[in-house]
Amino acid sequence: MIRKTVVALALAWLVPLATHQLHLDFVLPVLVLAGAVAIQRGTTSLLDRVVTAGSQLFGAACVFGIAITLWPGHLHPTLIAGTALSVLVLIAAATGRVPEMPPMRKDALLAVAVAAVSLVALVPYVVRDLGGRLGLPLAGEDIARHYLLFDVIGRTGGYLFMRPEALRPFVPDAELTGIANYPQGLHFSYAVLDRFVRSSGHNAAPATAVDVMVWLLVGTYLLLALAVLWAARRIAGPGASPARLLPVLALAAAWLVLGDPVTVLSRGYPNELAGLTCAAVLTAVVARPLTRRGEQTATVALLLVGVSFTYSLFLPYAGIVAALWAVRARLWRFWWAWLVAVAVAGLAAIGPLTAARASSGGQLLLNGTARVVDRPATALLVALAAVGVLALRSPRLRAAGFALATAGLMAAGLGAYQTATLGRTVYYFDKLLHLLIVVALCTLGGLARLRFKATAAVAVPVVLLMVVAGGKWHTTPVAPGVKLALGKDRGSPEAARDALLIARMFPDGGGAMNVNLMSTPWRNWSGTLGAAALQGQYRNFPGWSGLLYPGGKGGTMADLDRLVADSPVPVRFFLHDPAASLLVVDTDHPSRPAVRAGQPLPVAFGDPAAPSNIEAARALAAKYPTKVQLVYATPANP
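As the structure is a computational prediction, the values presented were derived from the model and not from experiment.

Conventions we followed
- Residues numbered from 1 in each chain as written.
- Predicted model: local features only at pLDDT ≥ 70, side-chain atom pairs only at ≥ 80, totals over all residues.
- Heavy atoms only, no water.
- Helix = DSSP H or I, 4+ residues; strand = E, 2+ residues; numbered from the N terminus.
- Rg over C-alpha atoms; globule rule 2.2 N^0.38 Å.
- Buried < 20%, exposed > 50% of the residue type's maximum accessible area, 1.4 Å probe, protein only.
- Contact = heavy atoms within 4.5 Å.
- Areas by Shrake-Rupley, 256 points an atom, 1.4 Å probe, with all protein chains shown as cover.
- Lys, Arg positive; Asp, Glu negative; His and termini not counted.
- Charge placed at Lys NZ, Arg CZ, Asp CG, Glu CD.
- Expected span 1.5 Å × (residues − 1).
- Polar contact = N/O pair within 3.5 Å; in protein donor to acceptor, adjacent residues only side chain to side chain.
- Patch = residues over 30% accessible without salt bridge, like charges linked within 9 Å, V, L, I, M, F, W, Y side chains within 5 Å.
- Salt bridge = Lys/Arg side-chain N within 4 Å of Asp/Glu carboxyl O.
- Pairing = 2+ DSSP bridges.
- Axes fitted to C-alpha atoms, helices over the stretch in contact; angles between N-to-C directions.

Colleague: Could you give me a rundown of the overall build of the chain, with the residues and numbers involved?
Modeller: In terms of helices and strands, the chain carries 27 helices and five strands. Taking 26 Å as the expected radius of gyration for a compact globule of 638 residues, we find that the chain reaches 26 Å, a close match to that expectation. In terms of principal-axis extent, the alpha carbons of the chain reach across some 75 × 60 × 45 Å. With 638 residues in all, the chain has 55% of them scored as buried. Restricting the contact set of the chain to residue pairs at least 6 apart, pairs at least 24 apart contribute 80%. For the chain, the exposed area adds up to about 25,600 Å²; of that, 67% sits on carbon and sulfur atoms. Within the chain, the 30 negative side-chain charges are centred at a point lying 16 Å from the centre of the 52 positive side-chain charges.

What follows is the structure, encoded as structure tokens:
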């Protein structure tokens, strides 16, 4: 046994050394996952072990990031893979578990459902170029700051909340605390996976790096789909026949690609996707625990850490349902459980404590760019899930019902607070509705214990209902997922292509603030934001945001002149369309073209009496010849 362990430890380092020399590091995450799967014993089927092993690895990676931040090797793939494989070897040796291949039984129907969701979700991204893919989340704005965290963690080699000063060159001083303390478990994981994908120890060029990040964002959504469908099947239990399980999985799969969950992908919220994924797996293992107490404890603990390091808003839900399992399992009887509880409490507290430093007192009342959740459809889904958990008397279904009630009460409580304070619900209420939707989709597994005809009679019309409409009150023609699949939901592809053009010309910003004035207002604003993030120049963007933002009062020539004069770095204007304009003569009474709600803004958006973009830029270049540069660019899609 000792000889085998020594050999395995040697291979744990020799294999990563070899793959790095051959530029094959992309196989290492697969090997680590395979190793974690091979030593699982708390589940029976292969897919069960893949999901639980993946959940454990993600939580462990969040914790491991603390050590990586402190060690000199940072994110080098050989060091990370060698350490991960060594830990797996030592766990196998300590537990006496010989790697084995679990059976494939009962996974075929689930695999088909996951493949169907993956196919539908991937099509809108596969058929688009990089600008089209990046343009989808860029319309939501937040993706720029997610890329910023991903990029700077790659540059500095670890968590930024542990050394916020490393972020200072990249962000404005006013935003340093907020961005440095944003939950970074997923950004760290993305930065590590980026190294494995490219077999590199350093950051890539902006276009390559953002392409990897967008595909990792899509992959996170696919993991959410896998977690939800797996959870529904697990909660259904081994007694559910494939025929009874079919309509349940079909309904859950349709909801994932047609309804609100897909908008979390298209609007570019990677952290929320990861938090929802952890919540889905946690819901399943609390409702139907793993057969080994040790593995169950480790899985629940690491899922709590995963939620904390990705989306702290969901941590109360995770903590409550985890406590339910701990009480039912009577963990208080074991001394080691108290040690685990203390360790998990300390690690899980990192997310909310850092988030509290980054947040204002009214954080839960802030507005945002998330799509408003379909209220009637969500109520219908929760009602169906409730029927499933109440139809039969089962400890598993009672636990699932408790999870559903917890998510529902959290959403209702925040909704009541926001309504009492603001008179309406806003951003974070919709985020908790996303959690409620995911938990409800997981608990739909209870319907699989009913008769096939009854379940199918409900599933088919509900799926059709989801196809034909969406929106807050289910009044918008065509579901969000249908719009995405058909190309109706485009985001801001032109702005993304402008940002990529600017970043390719000046990957590090070229020592200047690059301002997009080539075309329409939203395109210019989003293109400037995207370019600033890609070039590592976001620190200089906020001052320009107010002038470029089409939803504000706009700015005068004097405002533009002041921005140039006060800029700590040279300003480079990108110009193309002679008709493009944004300036006004009087910000209190701006004269702009009348545009109907929902219609795109015209290129000539400024006051006809004010200079056009080209005229203003030329005037400033003449006034500040050493500070202003003009680039007459040809965008990819003028």
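Colleague: Please give an account of helix 7 (residues 142-156) that cites residues and values.
Modeller: Side chains that are three or four residues apart share a direction in an α-helix, a result of its 3.6 residues per turn. Taking 1.5 Å per residue as the helical rise, helix 7 with its 15 residues ought to reach 21 Å, and the 21 Å between its terminal C-alpha atoms agrees with that figure. Buried residues dominate helix 7, accounting for 12 of its 15 residues. Close packing links the buried residues of helix 7 with helix 6 (130-138), helix 8 (173-180), helix 9 (185-198), helix 10 (206-236), helix 13 (270-287) and helix 24 (521-534). Following helix 7 by one or two positions, Gly 157 has its phi on the positive side, about 85°.

Colleague: Let's hear about the side chain of Gln 535: which residues, and what values?
Modeller: Its location among the elements puts Gln 535 in the loop between helix 24 and helix 25 (542-548). Owing to a relative accessible area of 3%, Gln 535 belongs among the buried residues under this scheme. Side-chain polar atoms of Gln 535 contact the backbone oxygen of Phe 506, separated by 2.7 Å.

Colleague: Tell me about a positive patch on the surface, and name the residues and values.
Modeller: A grouping of Arg 244, Arg 449, Arg 451 and Lys 453 is seen on the molecular surface, where their side chains present a positively charged patch. Checked against the element boundaries, Arg 449 lands in the loop between helix 20 (427-443) and helix 21 (452-468).

Colleague: Tell me what's going on with the sheet that holds strand 4 (residues 571-575), and back it up with residues and numbers.
Modeller: Pairing is parallel across the open sheet formed by three strands, whose spatial order is 3-4-5. Where the open sheet ends on each side, the last strands, each with one partner, are strand 3 (513-516) and strand 5 (628-632). Sheet twist, expressed as the average angle between the axes of neighbouring strands with direction ignored, equals 25°. Where strand 3 lies against strand 4, four bridges are found, and the strand directions are parallel. The residue bridging Asn 516 from the neighbouring strand is Phe 574, located in strand 4.

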